[in-house]
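Now for the letters of each chain:
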2 protein chains.
Amino acid sequence: MTTINDIAKLAEVSRSTVSRYLNSNGYVSEEAKKRIMKVIEETGYMPSQSAKSLRTKKTGVIGVILPKISTETASRVVSGINKVLQQNDYQMLLTTTSQEHKKEIEFIRLLQSRNVDGILLLATNTEKPLIDAIGNATVPIVALGQDIPTISSVIYPDYLATGEMIEYMIQKGYQHIGFIGVEEYDPAVGIERKRAFVDTLTKHQLKVNKDWIMQGDFSIESGYNSMKSIINSGSDRPDAVFAVTDQIAVGAMQFLKEQQIQIPNDIAIAATGASRLAQYIEPSLTVIDFLNEEAGAIAAELLIEELTGTKAIKKIIHDYRLLVRNSV
Amino acid sequence: MTTINDIAKLAEVSRSTVSRYLNSNGYVSEEAKKRIMKVIEETGYMPSQSAKSLRTKKTGVIGVILPKISTETASRVVSGINKVLQQNDYQMLLTTTSQEHKKEIEFIRLLQSRNVDGILLLATNTEKPLIDAIGNATVPIVALGQDIPTISSVIYPDYLATGEMIEYMIQKGYQHIGFIGVEEYDPAVGIERKRAFVDTLTKHQLKVNKDWIMQGDFSIESGYNSMKSIINSGSDRPDAVFAVTDQIAVGAMQFLKEQQIQIPNDIAIAATGASRLAQYIEPSLTVIDFLNEEAGAIAAELLIEELTGTKAIKKIIHDYRLLVRNSV
DNA sequence: TTATTTTAAGGAATCGATTCCATACTCTGC
DNA sequence: GCAGAGTATGGAATCGATTCCTTAAAATAA
């Protein structure tokens with residue numbers, strides 16, 4: 001492999017001069033520039049980033065920690081992150097925890113030893129060990145999807161949006177509303193969305209029926225099984241169900257279809273998450289769209305800001321919209 | 001930041017000893033080990049990868065070049081790659097060309113300057129500049145999705161699988177089959193799938209109607225517009241259409257539904273790509289499943305093999321299966 | 001014409017690891 | 001009691017860049 005020394009020798013200058021040329025700082029004569037340029041062209045020389053970052057303490061790499069890559073939400077977020085990073089000449093080192101949320105801590109350490117300039121964390125919890133790991137980090141970390149007190153975060157308005165959706169359902173005349181959620185270690189998805197559901201029903205003096213509140217994981221199967229439990233519970237059927245993700249909703253709809261239960265006439269369904277699947281399934285799903293790609297981009301911008309100066313902790317409550325379709 | 005020198009000083013040994021301890025090679029006494037361990041524990045020291053890889057010429061990072069991240073196919077492939085890399089203690093540097101296929105060359109260079117140990121290329125063309133860039137590369141590259149002659153490749157059996165699907169449609173009684181494809185710079189998707197279509201019809205003495213052969217891009221909209229053109233073309237309607245991706249098929253189905261054309265009774269639809277959308281759309285889509293996650297894993301394994309010895313060029317024709325559902 | 005600034009370029013230290021080599025001590029076995 | 005093997009450790013060179021400092025020539029000002 002050609003190094004800066006080879007280039008220096010071939011161009012008959014010192015390696016300091018080559019370095020000055022490469023970084024366009026300091027003085028380099030036109031003659032020298034031409035010779036260096038020519039030699040670089042001929043040899044196809046590319047500076048070693050390892051050497052460079054050993055000196056400069058910058059790698060131009062941002063670490064991204066995801067729970068899972070193969071979901072539409074995740075890939076949209078990554079797409080948004082990628083756009084911004086690429087525009088700013090950063091590369092993305094992607095790691096996934098496969099939903100094992102203790103791994104988030106492990107990866108924060110790992111990424112730092114890889115000398116990333118910053119970390120984007122799509123967090124699934126806000127427990128103490130994680131907060132501690134973040135506190136001990138020597139590089140800026142920005143959270144996406146959870147409000148982590150000690151660092152800048154891009155937060156989805158889970159409570160607000162879910163509340164609005166439930167309001168919309170009530171306004172449409174549904175009075176017996178069920179809920180399919182996930183475990184509560186996840187404050188944003190597990191707790192906030194459920195709290196909004198309960199609060200909104202209560203506000204309208206509607207009964208919160210425990211038999212219609214299910215807790216599963218993020219899978220389609222989980223949605224299917226949860227809906228099955230709701231239907232097979234002793235109590236009456238609900239006339240509407242809110243699912244915390246569109247995947248869960250798809251599973252739930254699947255069960256209803258098998259049982260010949262009409263959506264939305266017998267039971268209406270709403271959810272969070274604007275996947276193409278939610279859009280093209282029948283009936284098309286009424287959902288909250290958290291504009292994930294944009295959220296990813298904003299988080300990346302926030303991180304880059306921190307990398308280039310401003311150290312203030314910023315909290316951005318990201319935008320959302322209701323996509324009213326045919327399932328409610 | 002703490003360095004190996006700090007550890008050496010604090011543990012009262014030389015930095016050679018610390019290094020030997022870290023890499024568990026050479027002699028280190030139990031006493032020394034304990035002291036070093038303790039100091040590392042206390043300081044939270046993590047060795048600098050930049051320094052390490054400057055010496056060893058290994059970064060433990062694999063570059064991945066994708067056309068686009070936010071498709072289900074891509075994210076499945078990435079998921080498979082990620083699994084294997086993580087098992088082997090490699091990290092993944094992800095880049096996307098946003099479907100600008102000249103960028104593939106740029107990224108091959110960029111990733112090398114980042115000193116990646118190897119590159120996984122989800123190629124969309126096999127043109128000379130790309131082949132040249134691959135030839136000039138100093139790290140192993142494995143291709144996925146296209147057969148690139150000079151390097152190991154994991155290849156989808158595009159011709160075979162498409163042929164089998166068309167056979168299946170013919171066997172089901174369809175005689176007037178249309179085709180929605182993509183541009184032909186992409187040999188695998190653009191050329192092979194079309195060739196299989198034409199060959200299979202010809203083999204069965206069926207007419208290949210030019211009005212029913214469309215060329216678009218990979219989007220849902222493109223599928224919608226292509227189907228519109230087919231229906232609005234002067235000639236009779238086809239009784240079945242094959243789309244080269246499930247996204248395209250979804251768009252095509254959308255148009256048919258709007259026109260109250262029954263699927264599969266009036267027109268049957270088949271495609272390539274086993275997305276969840278294809279599974280849950282109505283009618284559920286009969287597709288070729290190229291088992292993308294597995295393909296990604298195999299490509300990653302192939303690359304790791306090359307990294308640890310064997311230099312032979314391997315070609316793996318990946319498995320596939322037909323998922324017979326309700327759209328044909 | 002001399003003093004000062006600007007331009008140009010090389011030398012050497014440095015970043016944080018790894019690794020080869022030399023040195024020294026402790027055991028065995030004869 | 002001594003040769004030779006095994007164990008333990010430190011010194012120094014090295015990887016490929018950046019960057020500060022010094023020197024020197026050229027350009028400008030006084």
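Residues numbered from 1 in each chain as written. Chains lettered and ligands numbered in written order. Predicted model: local features only at pLDDT ≥ 70, side-chain atom pairs only at ≥ 80, totals over all residues. Heavy atoms only, no water.

## A word on the interface of chain B and chain A
Let me state the cut-off plainly: Whether two residues touch is decided by their heavy atoms; if any such pair falls within 4.5 Å, the residues are in contact. Note: buried area is the sum, over both parts, of the accessible area (probe 1.4 Å) each one loses when the two are combined. In the sections that follow, a salt bridge refers to a side-chain nitrogen of Lys or Arg positioned within 4 Å of a carboxyl oxygen of Asp or Glu.
With 45 residues of chain B in contact, the opposing surface of chain A contributes 45 residues. Where chain B abuts chain A, roughly 4200 Å² becomes buried across the two surfaces, and 54% of that area is made up of carbon and sulfur atoms. If you sort the residues of chain B by the area they bury against chain A, Q91(B), R114(B) and Y280(B) come out on top, with a joint share of 17%. The interface formed by chain B and chain A contains two salt bridges.

## Let's talk about the relation of the copies chain B and chain A
Condition: Fitting of the copies onto one another was done by least squares over C-alpha atoms, counting residues only where both copies have pLDDT of at least 70.
For the pair chain B and chain A, the relating rotation is 180°, the translation along its axis is 0.0 Å, and the fit reaches an RMSD of 0.1 Å. Both copies of the chain, as the preceding transformation shows, are related through a two-fold rotation axis.

## Topic: the protein's contact with DNA strand D
The test is simple: Distances are taken per atom, and a residue is near a molecule or strand as soon as one of its heavy atoms is within 4 Å of it. We call two N or O atoms a polar contact when they sit within 3.5 Å, provided that within protein one can donate a hydrogen and the other can accept it, with sequence-adjacent residues counted only if both atoms are side-chain atoms. Strands are runs of DSSP state E lasting at least two residues, helices are runs of H or I lasting at least four, and both sets are numbered from the N terminus onward.
Surrounding DNA strand D, one finds 28 residues, the nearest of these being I4(A), S48(A), R55(A), S14(B) and R55(B). Counting only the atoms of DNA strand D that lie within 4 Å of the protein, the sugar and phosphate share comes to 55%. Taking I4(A), its main chain carries an N or O atom lying 2.2 Å from a phosphate oxygen of DNA strand D. A distance of 2.5 Å separates a phosphate oxygen of DNA strand D from a polar atom in the backbone of S14(B). Within the residue set of the surface near DNA strand D, elements represented by two or more residues are helix 2 (15–22) and helix 4 (49–56) of chain A together with helix 2 (15–22) and helix 4 (49–56) of chain B. Considering each element in turn, the surface near DNA strand D owes the most residues, five residues, to helix 4 of chain A.

## Concerning the packing of aromatic side chains
Selection rule: Only centres within 6.5 Å qualify two rings of Phe, Tyr or Trp (six-membered ring in Trp) as a pair; their planes then separate them into stacked at under 30 degrees, edge-to-face at over 60, and tilted for everything else. Whether a residue is buried, partly exposed or exposed follows from its accessible area with a 1.4 Å probe, protein chains only, as a fraction of its type maximum: under 20%, in between, or over 50%, in that order.
Counted according to the given criterion, the structure contains 10 aromatic pairs over all chains. Judged by centre distance (6.4 Å) and plane angle (75°), the rings of F290(A) and Y320(A) are edge-to-face. A residue pair is termed long-range when its members are at least 10 positions apart, and F290(A) in the loop between strand 10 (286–289) and helix 13 (292–307) and Y320(A) in the loop between strand 11 (315–317) and strand 12 (321–323) qualify at 30 residues. For the pair F290(A) and Y320(A), a shared accessibility class is recorded, and that class is buried. Plain terms: the ring middles of Y224(B) and F255(B) are 5.3 Å apart, the flat faces sit at 90° to each other, and that makes the pair edge-to-face. Taken together, the residues Y224(B) in helix 10 (residues 220–232) and F255(B) in helix 11 (residues 246–258) connect sequence positions 31 residues apart. Here Y224(B) matches F255(B) in class, with each residue buried.

## What to know about the nonpolar core
Definition in use: In this description, a nonpolar core means a group of buried Ala, Val, Leu, Ile, Met, Phe, Trp, Tyr and Cys residues linked to one another through side-chain atoms lying within 4.5 Å.
Core analysis: the biggest nonpolar cluster contains 158 residues, and L94(A), M169(A), I269(A), M169(B) and I269(B) have the highest contact counts within it. In terms of residues, this core owes the most to one element, helix 13 of chain A, which gives eight residues. I269(A) has contacts with M227(A), V241(A), A249(A), M253(A), L256(A), I263(A), L285(A), T286(A), S327(A) and V328(A), leaving out every residue within four places of it along the chain.

## Quick word on the UniProt feature "domain: HTH lacI-type" (unreviewed entry) in chain A
Heads up, the rule is: UniProt positions are given in the numbering used here, feature names are shortened, and annotations may be inferred rather than shown by experiment.
Those places that UniProt annotates as "domain: HTH lacI-type" (unreviewed entry) correspond, in this numbering, to residues 2–56 of chain A. Span residues 2–56 of chain A is 69% helix and 0% strand, its end C-alpha atoms 21 Å apart.

## Section: the packing of helix 1 (residues 4–11) of chain B against helix 3 (residues 30–43) of chain B
Residue and element names in this part refer to chain B. To be explicit about the condition: Lines are fitted to the C-alpha atoms to define the axes, a helix being fitted only along its stretch in contact, and any angle between axes, read from their N-to-C directions, falls within 0 to 180 degrees. Should an angle lie under 35 degrees it is considered roughly parallel, over 145 roughly antiparallel, and from 65 to 115 roughly perpendicular; all remaining angles are considered oblique. In a left-handed crossing the near helix is turned counterclockwise from the far helix by less than a right angle, and in a right-handed crossing that turn is clockwise. By the convention adopted, Pro, Cys, Tyr, Trp, Phe, Met, Ile, Leu, Val and Ala count as nonpolar, Lys, Arg, Asp and Glu as charged, and the other residues, Gly among them, as polar.
Axis separation between helix 1 and helix 3 bottoms out at 9 Å; the angle between their running directions is 125°. As the angle between them shows, helix 1 and helix 3 are arranged oblique. The handedness of the crossing between helix 1 and helix 3 comes out as right-handed. Between helix 1 and helix 3, the residues in contact are I7, L10 and A11 and R35, I36, V39, I40 and T43, respectively. Residue composition of the contact of helix 1 with helix 3, grouped by class: six nonpolar, one polar and one charged.

## Examining the side chain of S113(A)
As for its position among the elements, S113(A) is in helix 6 (residues 103–113). Polar contacts involving the side chain of S113(A) include one to the main-chain carbonyl oxygen of L110(A), which spans 3.0 Å. Those residues in contact with S113(A) that sit more than four places away from it in its chain are M46(B), P47(B), S48(B) and Q49(B).

## Observations regarding the pairing of strand 8 (residues 240–243) of chain B
All names here are of chain B. What counts is decided by this rule: We treat two strands as partners when DSSP finds at least two bridges between them.
Going residue by residue along strand 8, you find A240 and F242 tucked away on one face and V241 and A243 tucked away on the opposite face as well. Relative to strand 8, strand 6 (residues 177–182) runs parallel, the two sharing four bridges. Paired with G178 across the bridge in strand 8 is V241. Both strand 8 and strand 9 (residues 268–272) contribute to a ladder of four bridges, which runs parallel. Of the residues in strand 9, the one forming a bridge with F242 is A270.

## Some points on the pattern of salt bridges
Residue and element names in this part refer to chain B. One pass over the full model with this rule turns up 30 salt bridges over all chains. Here K194 ties to E184 by a salt bridge, and the two come within 3.3 Å at their closest N and O atoms. On the criterion of sequence distance, the pair formed by K194 in helix 9 (residues 187–203) and E184 in the loop between strand 6 and helix 9 is long-range, its members being 10 residues apart. Note on K194: relative accessible area 24%, which makes it partly exposed. Given a relative accessible area of 39%, E184 falls into the partly exposed group.

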